Amino acid sequence: MARDYLQCVPFARAESGVEIRGNAKTWWAQAAGAYERGREPRKGAVMAFAGTSGMPLGHVAVVKKVVSDREILIDHANWSPIGGRRGQIERNVRVVDVSAAGDWSAVRVWYAPIGDLGLRANPVQGFIYADGDAKPDHRFGGGEPRWAANDWKPGNGLDLVVASLR
């Protein structure tokens, strides 16, 4: 059940200070008029993923660092099942812009079970910029990702991941 593990929405809200509620796929529209929005990744911005058949509720993540014009690092929750468990927090996750126009409309995101960027391109609605006065509460802590702290290695538990997809 979804309530049994950490979802991306409360994590992104706590980490960014962006006070939006509801499914991740609605954040982009809800931000209109309340927050500045754009196509450029900035540190502290919320990256709003569109809903898809594989990700019907969308996804939100927080930009931690702009590495280059086509690569960023994000913090997010409930992306990779780690140790066979959903709802994990991942920090400093690599994201690469794979859009033809270089406009961040499609990205590939690091997927821990395979130890590489995920195979699918994920559509991105854009970036929601937190109010300059917003103070993230960081209730979920910092530091190393949980999978690194418990000696999890890419591929461990892959059989559980594959079984969960059937």
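Residues numbered from 1 in each chain as written. Predicted model: local features only at pLDDT ≥ 70, side-chain atom pairs only at ≥ 80, totals over all residues. Heavy atoms only, no water.

Summed over the entire model, instances satisfying the criterion amount to 2 aromatic pairs. Taking the centre distance of 5.6 Å and the plane angle of 45 degrees together, the rings of Phe49 and Trp79 count as tilted. Taken together, the positions of Phe49 in strand E2 (residues 46-49) and Trp79 in the loop between strand E4 (71-77) and strand E5 (89-97) put the pair 30 residues apart, joining distant regions of the chain. Take Phe49: its relative accessible area is 0%, and that puts it in the buried class. Trp79 gets classed as buried once you look at its relative accessible area, which sits at 13%. On the basis of an interplanar angle of 75 degrees and a centroid distance of 6.1 Å, the ring pair of Trp104 and Phe127 is categorised as edge-to-face. With Trp104 in the loop between E5 and strand E6 (106-111) and Phe127 in strand E8 (residues 122-129), the pair connects residues that are 23 residues apart, well separated along the chain. Of the two residues, Trp104 and Phe127, neither departs from the other in class, the shared state being buried. Here the basic side chain of Arg37 rests over the ring of Trp28, its NZ or CZ set 4.2 Å away from the ring centre. In this structure, Arg42 packs its charged tip against the face of Tyr129, placed 3.8 Å from the ring centre. (Phe/Tyr/Trp six-rings, centres within 6.5 Å; stacked < 30°, edge-to-face > 60°. Helix = DSSP H or I, 4+ residues; strand = E, 2+ residues; numbered from the N terminus. Buried < 20%, exposed > 50% of the residue type's maximum accessible area, 1.4 Å probe, protein only. Lys NZ or Arg CZ within 6 Å of the ring centre and 35° of its normal.)

Per-chain confidence: the protein averages 84 in pLDDT, with 77% of residues scoring 70 or above. Low confidence marks residues 143-166, where pLDDT is under 50. Its contacts with residues over four positions away, or in another chain, come to 27 contacts. (pLDDT = per-residue confidence, 0-100. Contact = heavy atoms within 4.5 Å.)

Within helix H1 (residues 8-16), 8 of the 9 residues are buried, which leaves it mostly tucked inside the rest of the structure. When H1 is considered as a whole, its buried residues turn out to be Cys8, Val9, Phe11, Ala12, Arg13, Ala14, Glu15 and Ser16. In this structure, the buried side of H1 is in contact with helix H2 (27-31), E2, strand E3 (59-68), E4 and E5. One or two positions beyond H1, positive phi appears at Gly17, with a value near 85 degrees.

This part covers the nonpolar core. Counting 17 residues, the largest nonpolar core has Met47 and Phe49 as its most contacted members. Put simply, the parts of the chain that give this core at least two residues each are E2, E3, E4, E5, E6 and E8. With 3 residues, the single largest contributor to this core is E8. (Core = buried A, V, L, I, M, F, W, Y, C linked by side-chain atoms within 4.5 Å.)

Using the criterion set out here, one finds 8 salt bridges in the structure. Here Glu19 and Arg21 are joined by a salt bridge, their closest N and O atoms 3.5 Å apart. When salt bridges that share partners are traced, they join Glu15, Lys64, Asp75 and Arg91 into one network. (Salt bridge = Lys/Arg side-chain N within 4 Å of Asp/Glu carboxyl O.)

Before going further, it helps to spend a moment on unusual backbone geometry. A positive phi angle is found at Asn92, which is not glycine, with a value near 55 degrees. Mapped onto the fold, Asn92 is located in strand E5. Positioned with a positive phi, Trp104 is a non-glycine residue whose angle comes to about 65 degrees.

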